[in-house]
Amino acid sequence: MSIIRIENLKKYYGKGATTVKALDGVSLTVEKGEFVAIVGTSGSGKSTLLHMLGGLDRATEGKVYVDGHDIFAMKDDKLTIFRRRSVGFVFQSYNLLPILNVLENIILPIELDGGKIDQAYLDKVIHTLGLQEKVHNLPANLSGGQQQRVAIARALATKPSIILADEPTGNLDSKTSQEVLILMKQMSEKFNQTIVMITHNEQIAQTADRIIRMEDGTIVSCNAQAGREVTPS
Ligand SMILES: Nc1ncnc2c1ncn2[C@@H]1O[C@H](COP(=O)(O)OP(=O)(O)OP(=O)(O)O)[C@@H](O)[C@H]1O
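What counts and what doesn't
- Residues numbered from 1 in each chain as written.
- Predicted model: local features only at pLDDT ≥ 70, side-chain atom pairs only at ≥ 80, totals over all residues.
- Helix = DSSP H or I, 4+ residues; strand = E, 2+ residues; numbered from the N terminus.
- Rg over C-alpha atoms; globule rule 2.2 N^0.38 Å.
- Buried ≥ 20, exposed ≤ 12 C-beta atoms within 10 Å, placed from the backbone.
- Pairing = 2+ DSSP bridges.
- Axes fitted to C-alpha atoms, helices over the stretch in contact; angles between N-to-C directions.
- Core = buried A, V, L, I, M, F, W, Y, C linked by C-beta atoms within 7 Å.
- Contact = placed C-beta atoms within 7 Å.
- Near = placed C-beta within 6 Å.
- Nonpolar A, V, L, I, M, F, W, Y, C, P; charged D, E, K, R; others polar.

Visitor: Quick rundown of the overall build of the protein? Include the residues and the values.
Guide: What the protein contains, in helices and strands, is seven helices and ten strands. Against the 2.2 N^0.38 benchmark of 17 Å for 233 residues, the protein shows a C-alpha radius of gyration of 17 Å, consistent with a compact globule. Burial analysis of the protein (233 residues in total) assigns 38% to the buried set.

Take a look at the structure:
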């Protein structure tokens, strides 16, 4: 089943001669449980595409379906709820709340939404990410890699339809980056979690099931990695 379907997506900034075509006709499907990397030079449209997928901004033209929902057909208040329930975000800068401990950070999105905590699932996530000894620590007392693992746990906590990660290892050294990447891949496999990740690092992209290459607002290739099965839709 395709969890993401993007149809002829266009995002133009400005008007007339100064128009910037950040996305210029992008079509793509992503299957449930896939771990996809988006690569491309600066300005090729990676962040714009991720923002559209997360309903953070609206398109000039085209459609985005996430888990069957036509997201641009939603009014702003519905889109906000969709984002809270169906999209997990992981940023380069972790974005943890400094006054909350690790566990409180992880469950915050569930509590904000008035949802119920699935304790068994949460325990599994925390253990798989190796955070069980750290749940009562404040973020300031964790390494960068540990903080990013907390951010990944927080993104997974609500069991979102998709996780969007924007340069998740951008602040980490190469050894820690690899560790975090391997964990993201494991989370994707273990929980059948769809992850779309932007990276400028070719080695990091190789961890993904599929690499989407962007140039000038378009996708120039979207091949599955050798030896990995991706069912076309
Ligand atoms: N709010 C905006 N207003 C005007 N132009 C924008 C805006 N956001 C992005 N752009 C332009 O759209 C194009 C695509 O930008 P985008 O940030 O998606 O690229 P990117 O591939 O993510 O780049 P980077 O790797 O540097 O983050 C660029 O030319 C950029 O300058």
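Moving on, there is more to tell.
Visitor: Give me the lowdown on the sheet that holds strand S3 (residues 35-40), citing residues and values where you can.
Guide: One open sheet holds the six strands; their spatial order is S6-S7-S8-S3-S9-S10, and the pairing between them is mixed. Where the open sheet ends on each side, the last strands, each with one partner, are strand S6 (87-91) and strand S10 (218-224). Here the average twist between neighbouring strands, direction ignored, is 20°. Here S6 runs beside strand S7 (residues 162-166); their pairing, made up of five bridges, is parallel. Following the sheet pairing, Phe91 is matched in S7 by Asp166.

Visitor: Break down the nonpolar core for me, with residues and values.
Guide: Counting residues in hydrophobic clusters, the biggest one holds 57 residues, and the most contacted among them are Ile38, Ile152, Ala153, Ile162 and Val196. In terms of residue count, the dominant contributor to this core is helix H5 (residues 144-157) (seven residues). If sequence neighbours within four positions are ignored, Ala153 has contacts with Ile106, Val125, Ile126, Leu129 and Leu131.

Visitor: Can you lay out the site of the ligand for me, pointing to particular residues and giving the numbers?
Guide: In the neighbourhood of the ligand, the contacting residues comprise Tyr13, Val20, Ala22, Gly40, Ser42, Gly43, Ser44, Gly45, Lys46, Ser47 and Thr48. For the shell around the ligand, the secondary structure elements donating two or more residues are strand S2 (20-31) and helix H1 (46-53). Broken down by element, the shell around the ligand gets its largest block of residues, three residues, from H1. For the shell around the ligand, the class distribution of residues is three nonpolar, seven polar and one charged.

Visitor: Before we move on, could you go through unusual backbone geometry and cite the residues and values that matter?
Guide: Despite not being glycine, Glu167 shows a phi value in the positive range, around 50°. Despite not being glycine, Asp216 shows a phi value in the positive range, around 45°. By the element assignment, Asp216 lies in the loop between strand S9 (210-215) and S10. The class for Asp216 is partly exposed, based on 14 C-beta atoms found within 10 Å.

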